[in-house]
Amino acid sequence: MSPLNTKHLFSSESTECLPCPDDHWSNEERDKCIPKSIEFLSYEDPMGATLTSVSVSAVLITAATFCIFIKYQDTPIVKANNRELSYLLLLALMLCFLCSLIFIGYPMRVTCMLRQAAFGIVFTLSVSCVLAKTFMVIIAFNATNPNSSLRKWIGPKLPITIVCVGTLLQVIICIVWLSSSPPFPEQNMKSQVGKIIIECNVGSGIAFWCMLGYMGLLASISFIVAFFARKLPDRFNEAQFITFSMLVFISVWLAFIPAYLSTKGKYMVAVEIFAILASSTGLLASIFFSKCYIILLRPDMNTKVHLMGKGTFGI
């Protein structure tokens with residue numbers, strides 16, 4: 001008899017030992033079966049409450065940034081920053097922060113299915129927006145020559161196509177995943193002695209890693225393209241901010257993989273939430289905070305003359 005089964009036995013008044021039910025555990029005296037403790041990341045848990053507060057705060061900061069860009073939409077720095085893509089990226093980042101809340105609370109079938117799918121789609125939307133911004137920076141610089149063939153790509157069609165195609169492929173991956181082997185809630189009674197861990201089983205591990213892999217591929221492409229474009233003249237150095245944001249994004253998710261695989265229970269969920277919050281914050285801070293600084297605190301730099309010259313902050 002294995003040690004685990006021995007711990008599940010209790011002694012009656014007779015000499016016979018009887019096994020406890022799977023969801024019970026014998027007490028120290030081995031004369032009574034007691035229920036195992038149930039573990040999941042709840043909103044009442046200090047760790048869950050902290051992550052919830054951080055997520056809500058991040059949503060409010062992103063919403064404030066969005067309002068700033070809307071209010072000052074006709075200023076040079078907002079115009080030069082590709083307004084439509086910036087609005088879409090900010091909305092996507094708000095959804096990224098909000099989707100982390102789905103990971104907190106008692107796992108149910110609906111929330112288990114929504115967790116990974118919503119996370120994968122909204123993050124892919126964010127990275128696709130960054131990729132589109134990167135290409136538009138390069139095209140805008142190289143199309144300054146009136147005879148350049150790239151001038152035909154200036155406009156909303158190319159970035160919209162990049163965002164739609166990039167996101168659509170992730171949507172297809174998630175649809176195939178949810179229709180073939182969707183995530184589901186389960187009671188894990190083997191990972192920790194004396195505890196029942198209520199968790200979401202990803203269903204198809206291959207689909208889960210395909211989703212993350214595709215997101216990583218888009219982020220890598222954005223990083224490589226922005227890295228090679230980082231030495232463009234100052235007024236086009238948006239590529240430098242994108243390079244740094246993608247470096248943070250990729251670093252967070254590379255660190256996430258070993259941390260995710262080495263943790264269990266509510267801590268595994270907390271690791272994924274932390275990765276979502278950290279990578280989203282990296283995108284928000286790297287791409288938008290410098291613009292907000294100029295808009296709110298340095299309006300003298302928010303002029304067409306300054307942006308066309310050698311300023312400290314370029315677009």
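The following paragraphs examine the structure supplied in this document.

### Quick notes on empty space enclosed by the protein
At step 1: Following the criterion strictly, the structure yields two cavities of 30 Å³ or more and no others.
At step 2: The calculated volume of the largest cavity comes to roughly 120 Å³.
At step 3: In terms of lining, the largest cavity is formed by Phe103, Cys112, Arg115, Gln116, Pro183, Glu199, Cys200, Val202, Tyr260, Met268, Val269 and Glu272.
At step 4: Of the residues belonging to the lining of the largest cavity, the class tally is eight nonpolar, one polar and three charged.
At step 5: In this structure, the second largest cavity spans a volume of roughly 50 Å³.
At step 6: Taken together, Phe40, Leu41, Phe103, Gly105, Pro107, Arg115, Ile198, Glu199, Cys200, Gly265, Lys266 and Val269 form the lining of the second largest cavity.

### Considering the packing of aromatic side chains
At step 1: Summed over the entire model, instances satisfying the criterion amount to 14 aromatic pairs.
At step 2: Consider the rings of Phe119 and Phe123, whose centres lie 5.2 Å apart with planes at 65 degrees: the pair is edge-to-face. Of this pair, Phe119 and Phe123 both sit in helix 5 (residues 109-142), four residues apart, which is roughly one turn of that helix. For the pair Phe119 and Phe123, one class covers both residues: buried.
At step 3: Look at Phe208 and Trp209: their rings are 5.0 Å apart centre to centre, the planes differ by 75 degrees, and that puts the pair in the edge-to-face class.
At step 4: Each residue in the set Phe119, Phe123, Trp177, Phe208, Trp209, Phe249, Trp253, Phe256 and Tyr260 is aromatic and connected to the rest through ring pairs, giving one cluster.

Criteria and thresholds
- Residues numbered from 1 in each chain as written.
- Predicted model: local features only at pLDDT ≥ 70, side-chain atom pairs only at ≥ 80, totals over all residues.
- Heavy atoms only, no water.
- 1 Å grid on protein atoms, 1.4 Å probe; cavity = no way out; pocket = protein on both sides within 12 Å on 5 of 7 lines; lining within 4 Å.
- Points joined across faces, edges and corners; volume = space filled by probe spheres on them.
- Nonpolar A, V, L, I, M, F, W, Y, C, P; charged D, E, K, R; others polar.
- Phe/Tyr/Trp six-rings, centres within 6.5 Å; stacked < 30°, edge-to-face > 60°.
- Helix = DSSP H or I, 4+ residues; strand = E, 2+ residues; numbered from the N terminus.
- Buried < 20%, exposed > 50% of the residue type's maximum accessible area, 1.4 Å probe, protein only.

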